[in-house]
Structures are given as C-alpha cells and as structure tokens.
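Here's the letter readout for the chains.
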Amino acid sequence: MSIYGDYIKSVIRTVPDWPQPGVNFRDITPVLQNSAAFRKLIDSFVHRYQELNLDAIAAIDARGFIIGAPVAYELGCSFVPVRKKGKLPFKTISETYTLEYGESTVELHSDAFREGDRILVMDDLIATGGTMLAAASLIQRSGGQVVETAAIIDLPELGGAQKIRDAGHGVFAVCTFTEHE
C-alpha cells in the first residue's frame with residue numbers, strides 16, 4: 001500500500017448497487033477531479049517504480065490509460081496500450097480470458113516490446129485478476145518481462161491479486177477495499 005493509500009481511499013466514491021444490486025462500485029472519478037488526490041495517486045506509482053529502470057508501462061483499456069500515461073511520462077518510459085479486441089490498427093497478438101459471465105479478449109501490437117523489455121502492467125482495479133493475467137501473458141509472449149502488476153484498488157475478497165501472485169507476478173495496489181467498506 002502507498003503512503004497515500006488511506007487518503008486516496010477516502011476520496012474514492014462507493015456507489016451501492018451499481019451496476020447491479022449487491023455490487024459496491026468503486027468510482028475513481030472523484031480522485032481524478034481532485035488535483036491534490038490525483039497528484040498523490042500518480043506520485044504513489046512514480047515513487048515506487050522510479051528506480052526500477054522500466055522500459056514501458058502497459059496499461060489496460062480504458063481506465064488503466066488514465067494512470068498509465070502520466071506514470072510513463074514521469075518515469076521517462078514508453079506507454080503501451082493493452083486494448084479490447086478490435087481496437088488496435090496494426091498486427092496484434094491476443095489473449096482471451098474468462099469473465100464471471102463469459103469471455104473477453106485483449107490485444108497488444110505485435111511489435112510493442114523488444115526481447116527483455118522491463119514492463120509494468122497497470123489498471124485501475126484488481127477484481128478477479130483475469131484482465132491483468134491476460135495482459136501479463138501477452139507481454140511475456142511478446143518477449144517482455146513483467147516487473148510487477150499495479151492498480152489503484154485491490155478487491156482481495158474476489159481473489160484476483162492472489163491469482164496474479166500465484167502466476168508468479170508481484171502485485172501493488174495503492175489501496176484495498178473489502179466487500180463491506
């Protein structure tokens with residue numbers, strides 16, 4: 001957790017029963033609208049990764065882009081989007097993963113990384129871990145090395161962070177929400 005984790009958590013809005021009854025949606029838009037909170041959020045990632053000599057940030061469509069681009073800029077590394085299927089214009093590689101009710105696919109440009117590139121995978125939230133694991137698989141298939149996976153929020157009760165760790169990847173989240181918070 002970040003030194004700013006409690007503060008960031010206090011700014012995140014919980015929307016009960018959205019998008020369906022029984023779900024507490026964790027809304028990051030108040031963090032983005034609050035310039036001090038947004039700076040602390042980006043600084044949380046920059047301070048953690050500034051000495052790790054990353055080659056790129058691979059950020060997951062779409063909310064991962066919001067944090068991935070400024071972190072890449074601050075760290076002086078490249079930004080690579082991991083997109084939903086059909087959104088990239090050049091030759092891609094793809095990875096399909098299981099959702100709670102079905103499947104989804106993410107893609108990466110086939111020339112996004114060079115062999116041995118050190119990559120940080122970023123998204124806004126870790127729930128079941130499927131998207132993050134699919135992105136990590138794409139990076140490894142393209143020759144990159146996943147240094148760590150990072151998110152604003154971890155929902156540990158859904159087991160995603162543990163699945164990511166079990167697959168051999170480190171996990172960092174700025175803050176954690178339990179089901180009843």
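The coordinates are above.
This is a predicted model, so every value here is computed, not measured.

Engineer: When you look at the packing of helix 3 (residues 35-49) against helix 4 (residues 63-75) in this model, what are you seeing that I'm missing?
Structural biologist: A pair of packed helices is captured by two measures, namely the crossing angle of their axes and the spacing between those axes. One way to put it is that helix 3 packs onto helix 4 with a least axis distance of 10 Å and a crossing angle of 55 degrees. It follows that helix 3 is oblique to helix 4 by the angle criterion. For the pair helix 3 and helix 4, the crossing hand works out as right-handed. Residue-level inspection shows F38, L41, I42, F45, V46 and Y49 of helix 3 in contact with helix 4, the latter providing I66, I67, P70, V71, E74 and L75. Class assignment for the residues of the contact of helix 3 with helix 4 results in 11 nonpolar, no polar and 1 charged.

Engineer: Whenever I open this one, the layout of surface pockets confuses me. Can you help?
Structural biologist: A probe matching the size of a water molecule, rolled over the atoms, marks out where space remains unfilled. Volume-wise, the largest pocket comes out at about 1,300 Å³. Looking at the largest pocket, it is lined by 36 residues, and the ones nearest its centre are L125, A127, T128, L155 and L158. Counting residues per element, the lining of the largest pocket draws most heavily on strand 7 (residues 118-126), which supplies 4 residues. When the residues that make up the lining of the largest pocket are grouped by side-chain class, the tally is 18 nonpolar, 9 polar and 9 charged.

Thresholds applied
Residues numbered from 1 in each chain as written. Predicted model: local features only at pLDDT ≥ 70, side-chain atom pairs only at ≥ 80, totals over all residues. Heavy atoms only, no water. Axes fitted to C-alpha atoms, helices over the stretch in contact; angles between N-to-C directions. Helix = DSSP H or I, 4+ residues; strand = E, 2+ residues; numbered from the N terminus. Parallel < 35°, antiparallel > 145°, perpendicular 65-115°, else oblique. Left-handed = near helix turned anticlockwise from the far one by under 90°. Contact = heavy atoms within 4.5 Å. Nonpolar A, V, L, I, M, F, W, Y, C, P; charged D, E, K, R; others polar. 1 Å grid on protein atoms, 1.4 Å probe; cavity = no way out; pocket = protein on both sides within 12 Å on 5 of 7 lines; lining within 4 Å. Points joined across faces, edges and corners; volume = space filled by probe spheres on them.

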